[in-house]
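What follows is the residue order along each chain.
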Amino acid sequence: MTRLLIVDDEPKLVSVLKGFLETKGFDVRTASSGEEAMQLVEQHQPHVMLLDLNLEGSAVSGLDVLTKTKARFPSTVVFVVSGYTEEDKKEQALKQGADRYLEKPLLLPDVLKAVQEAAANLPPS
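What counts, and where the lines are drawn
- Residues numbered from 1 in each chain as written.
- Predicted model: local features only at pLDDT ≥ 70, side-chain atom pairs only at ≥ 80, totals over all residues.
- Heavy atoms only, no water.
- Helix = DSSP H or I, 4+ residues; strand = E, 2+ residues; numbered from the N terminus.
- Rg over C-alpha atoms; globule rule 2.2 N^0.38 Å.
- Buried < 20%, exposed > 50% of the residue type's maximum accessible area, 1.4 Å probe, protein only.
- Contact = heavy atoms within 4.5 Å.
- Areas by Shrake-Rupley, 256 points an atom, 1.4 Å probe, with all protein chains shown as cover.
- Lys, Arg positive; Asp, Glu negative; His and termini not counted.
- Charge placed at Lys NZ, Arg CZ, Asp CG, Glu CD.
- Pairing = 2+ DSSP bridges.
- Axes fitted to C-alpha atoms, helices over the stretch in contact; angles between N-to-C directions.
- Salt bridge = Lys/Arg side-chain N within 4 Å of Asp/Glu carboxyl O.
- Parallel < 35°, antiparallel > 145°, perpendicular 65-115°, else oblique.
- Left-handed = near helix turned anticlockwise from the far one by under 90°.
- Nonpolar A, V, L, I, M, F, W, Y, C, P; charged D, E, K, R; others polar.
- Core = buried A, V, L, I, M, F, W, Y, C linked by side-chain atoms within 4.5 Å.

(A) Up close: the overall build of the protein. Check the secondary structure of the protein and you find 5 helices and 5 strands. Secondary structure of the protein in N-to-C order comes out as β-α-β-α-β-α-β-α-β-α. For the protein, the C-alpha radius of gyration of 13 Å lies close to 14 Å, the compact-globule estimate for 125 residues. With the principal axes as the frame, the protein shows a C-alpha extent of 30 × 30 × 25 Å. When the 125 residues of the protein are sorted by exposure, 47% land in the buried category. If you take every contact in the protein between residues at least 6 apart in sequence, the share linking residues at least 24 apart comes to 65%. Surface summary for the protein: the accessible area is close to 6600 Å², and the carbon and sulfur share equals 51%. Across the protein, the centroid of the 14 positively charged side chains sits 5 Å from that of the 19 negatively charged ones.

(B) Layout of the sheet that holds strand β2 (residues 27-31). Taken in spatial order, the 5 strands make up an open sheet running β2-β1-β3-β4-β5, and their pairing is parallel. The outermost strands of the open sheet, each flanked by one partner alone, are β2 and β5 (100-103). Between one strand axis and the next, the sheet turns by 20° as a mean value, whatever way the strands run. The sheet contact formed by strand β1 (residues 3-7) and β2 spans 5 bridges and is parallel.

(C) Main features of the pattern of salt bridges. All chains considered together, the criterion is met by 8 salt bridges. Residues D8 and K104 are paired through a salt bridge, measuring 2.9 Å at the closest nitrogen-oxygen approach. Note that D8 is positioned in the loop between β1 and α1 (11-23) and K104 in the loop between β5 and α5 (108-120), a separation of 96 residues in sequence. The closest approach of N and O atoms between E10 and K104, which form a salt bridge, is 2.8 Å. With a gap of 94 residues between them, E10 in the loop between β1 and α1 and K104 in the loop between β5 and α5 connect regions that are remote in the sequence. Among the charged side chains, a salt-bridge network with shared partners connects D8, E10, D52 and K104.

(D) Representation of the packing of helix α2 (residues 34-44) against helix α3 (residues 62-72) within the structure. For the pair α2 and α3, interaxial distance at closest approach is 10 Å and the crossing angle is 10°. In terms of axis orientation, α2 runs roughly parallel to α3. Between α2 and α3 lies a crossing whose hand is right-handed. Contacts between α2 and α3 involve G34, A37, M38, V41 and E42 from the first element and V65, K68, T69 and R72 from the second. In terms of residue class, the contact of α2 with α3 is made up of 4 nonpolar, 2 polar and 3 charged.

(E) Looking closely at the nonpolar core. Formed by 23 residues in total, the largest nonpolar core has its most connected members in L21, F26, L50, F79 and V115. Of all the secondary structure elements, the ones that give two or more residues to this core are β1, α1, β3 (48-52), β4 (77-82) and α5. Looking at which element gives the most residues to this core, the answer is α5, with 6 residues. Not counting residues up to four positions away in its chain, the partners in contact with L50 are L5, I6, V7, L17, L21, F79, V81, L102, V111 and V115. Of all hydrophobic cores here, the second largest spans 21 residues; its members include V7, L55, F73 and V78.

Nothing here speaks to function; it is all geometry.
Structure, rendered in structure tokens:
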């Protein structure tokens, strides 16, 4: 089963994504801060991560989570999710190892397609 981690500080969005992706057969964990995300990365080693760059009130930024996750688990597929369309943030995230940039508002069919494609390309475990 594909392990997924959703990291976002918007509880409603997290709840919708988690519920939707669980119905599609994914093992979904969630984190609302960078600190919590790093704990879950170590404990559960997600195959795919949906990561918000802007984590309000978190000492560990989304970019920190991205960099640390890719350094420790390079095969984890990281989709950076953000409502900000600033090109410099997008470029920085992609340079630091993000596999793709998804802009908010997210459309569930688009998220599902991206996650399914990533899961299909995972190395066998």
